[in-house]
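Report on the structure
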Amino acid sequence: MSSTPLILPRRCRFLGWLVRTLYYRRVSVRGDSVSRRPTLFLLSHRNGATDGQIYMTALGDTPSLISIQLLRHWYLRLFFAGIPVVRDKDRIRYGIAADAVPSPVRAAIAQIKNGGSLCLYPEGTSAWQAHPLPYHNGMAVIVARLKAAGVDFDVQPLAAYYSKPDGFRSRVSIIVGTAFRPLGESIADLQAELANALDYISVNAADNAAFNRIQARAWRGARDGADYGAVFLRTQAAENTAQNCPEKPLPATWLVTRAYPPANTVDLRASKAEHRPWAKVLFALGFPLIAAAALLAGRAADGRNNTTFFRVLGGAAAVVPQILLWLTACYCAPLPALLWLVLGICGWYYYPEPAPVPLAEHPDAAADHAADE
């Protein structure tokens with residue numbers, strides 16, 4: 001096995017930057033400084049494969065353990081790279097044997113032993129819900145073996161806060177937790193220690209109703225200029241404390257001093273001026289092939305947590321045909337073609353930021369919360 005630590009290829013970093021720049025309105029990073037030592041980064045998993053492109057904002061070229069399904073086709077490999085993992089759902093969907101790839105645990109240990117860092121999604125998959133999915137114990141196994149080998153490394157949790165995971169031109173906030181050296185001795189102790197560290201900075205509301213209250217206040221804070229993730233985390237900490245849940249005080253760098261109205265009185269809907277339907281029309285007319293391909297591909301999603309993934313892949317596939325259409329128009333009618341492109345760019349720039357959508361608080365409410373873009 002090579003002694004050189006892995007890094008993400010430049011193409012993945014470049015395409016990730018394009019996704020963050022063109023699809024999202026802003027991606028911010030708050031919290032502690034990212035560790036520069038060999039580090040196992042524990043990441044909350046909220047929005048499918050798109051999470052990897054978002055976390056690049058803070059973690060740069062750090063690779064991750066990645067589902068084999070994202071490496072099965074050359075087109076997907078343009079966007080994604082890393083240490084392959086065969087999950088249970090991959091064995092069921094594609095009939096891939098667990099031993100079809102080298103041991104991801106051994107590869108992860110070698111990566112950190114060689115002086116590199118690694119991203120790990122302990123949940124294994126994502127879901128758009130009020131709290132994390134159960135954490136697999138692979139993170140504890142990796143840490144235990146690194147400690148047994150005498151490797152000097154850090155563990156650092158990060159969490160992504162999406163205002164609307166399936167919303168074009170929405171915002172994302174990354175909260176960076178405090179790096180630490182695990183103290184647990186047994187697998188069980190390490191699992192609890194690592195899970196608590198990630199839970200502490202992740203979306204972890206008591207239920208959907210609590211999530212909706214916290215989300216509403218975070219959205220109000222974001223519209224007033226505060227960081228969406230910072231307001232969400234502080235409000236969540238206050239709710240947990242009020243419900244007698246044990247809660248550590250938040251570091252000063254995460255605090256928001258502005259007081260916001262009670263969350264249940266905040267209206268999530270945008271004002272008429274913020275809807276800007278003319279911008280949506282200009283964007284659709286300026287980039288017709290890209291917009292149509294993204295919308296069609298998005299229909300393949302089976303949840304809000306992977307809609308953006310399919311839209312990005314579909315829209316990217318239409319980029320070359322769209323460019324050829326522009327070039328043809330420029331050859332036939334240069335001035336109208338230039339105006340067409342400028343108006344499309346204006347539509348993208350002024351495209352309204354979508355408001356968050358509440359989670360259904362009872363089964364019958366799901367139909368009432370359709371995405372409004």
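Refer to the structure above for everything that follows.
From a predicted model like this one, the values you see are computed outputs, not experimental measurements.

What follows is about the sheet that holds strand 6 (residues 154-162). In space, the 5 strands of this open sheet follow the order 1-7-6-2-5, with mixed pairing throughout. Edge positions in the sheet fall to strand 1 (26-31) and strand 5 (118-120), since each has one partner strand and no second. Between one strand axis and the next, the sheet turns by 25 degrees as a mean value, whatever way the strands run. Strand direction decides the pairing type here: strand 2 (residues 39-43) and strand 5, joined by 3 bridges, are parallel. Residue pairing for strand 5: Phe41 is matched across the bridge by Cys119.

Take the packing of aromatic side chains next. Considering all chains together, one arrives at 22 aromatic pairs under this definition. Taken together, a centroid distance of 6.2 Å and an interplanar angle of 25 degrees make the contact between Phe14 and Trp17 stacked. Remark: Trp17 and Phe14 occur in helix 1 (residues 10-23); sequence separation between them is 3 residues, near one turn of the helix. Judged by relative accessible area, which is 47%, Phe14 ranks as partly exposed. On the basis of relative accessible area, Trp17 is assigned to the partly exposed category, the value being 45%.

Right, let's talk about helix 8 (residues 208-223) for a bit. Here helix 8 is 16 residues long and its end C-alpha atoms lie 22 Å apart, about the 22 Å a rise of 1.5 Å per residue gives. Among all positions in helix 8, only Ala210, Phe211, Asn212, Ile214, Gln215, Ala216, Ala218, Trp219, Gly221 and Ala222 are buried. Gly225, located one to two residues past helix 8, shows a positive phi value of around 100 degrees.

Buried residues dominate strand 7 (residues 171-176), accounting for 6 of its 6 residues. Burial of strand 7 is two-sided: the residues Arg171, Ser173 and Ile175 facing one way and the residues Val172, Ile174 and Val176 facing the other way are all buried. In terms of strand pairing, strand 1 meets strand 7 through 6 bridges, oriented parallel. By the bridge assignment for strand 7, Arg26 is matched with Arg171. Here 5 bridges tie strand 6 to strand 7, and the two strands are oriented antiparallel to one another. By the bridge assignment, Ala159 is partnered in strand 7 with Ile175.

Let us now look at the pairing of strand 6. Burial analysis of strand 6 places 9 of its 9 residues in the buried class, which makes it a mostly covered element. Where burial is concerned, the two faces of strand 6 agree: the one with Asp154, Gln156, Leu158, Ala160 and Tyr162 and the one with Val155, Pro157, Ala159 and Tyr161 are both buried. Here 5 bridges tie strand 2 to strand 6, and the two strands are oriented parallel to one another. Looking across to strand 6, one finds that Phe41 is bridged to Gln156.

Let us look at the layout of surface pockets. Remark: the empty space left among the atoms is shown by a probe the size of a water molecule rolled over them. Size it by volume and the second largest pocket reaches roughly 880 Å³. Around the second largest pocket sit 29 residues that line it, and Leu22, Phe168, Phe283, Ile290 and Gly315 are the ones nearest its centre. Counting only elements with at least two residues in the lining of the second largest pocket, the list comes to helix 1, helix 3 (74-79), helix 11 (277-286), helix 12 (288-298), helix 13 (307-317), helix 14 (319-332) and helix 15 (334-349). It is helix 1 that contributes the most residues to the lining of the second largest pocket, 5 residues altogether. Taken together, the residues of the lining of the second largest pocket break down into 24 nonpolar, 2 polar and 3 charged.

Cut-offs used in this document
Residues numbered from 1 in each chain as written. Predicted model: local features only at pLDDT ≥ 70, side-chain atom pairs only at ≥ 80, totals over all residues. Heavy atoms only, no water. Pairing = 2+ DSSP bridges. Helix = DSSP H or I, 4+ residues; strand = E, 2+ residues; numbered from the N terminus. Axes fitted to C-alpha atoms, helices over the stretch in contact; angles between N-to-C directions. Phe/Tyr/Trp six-rings, centres within 6.5 Å; stacked < 30°, edge-to-face > 60°. Buried < 20%, exposed > 50% of the residue type's maximum accessible area, 1.4 Å probe, protein only. Expected span 1.5 Å × (residues − 1). 1 Å grid on protein atoms, 1.4 Å probe; cavity = no way out; pocket = protein on both sides within 12 Å on 5 of 7 lines; lining within 4 Å. Points joined across faces, edges and corners; volume = space filled by probe spheres on them. Nonpolar A, V, L, I, M, F, W, Y, C, P; charged D, E, K, R; others polar.

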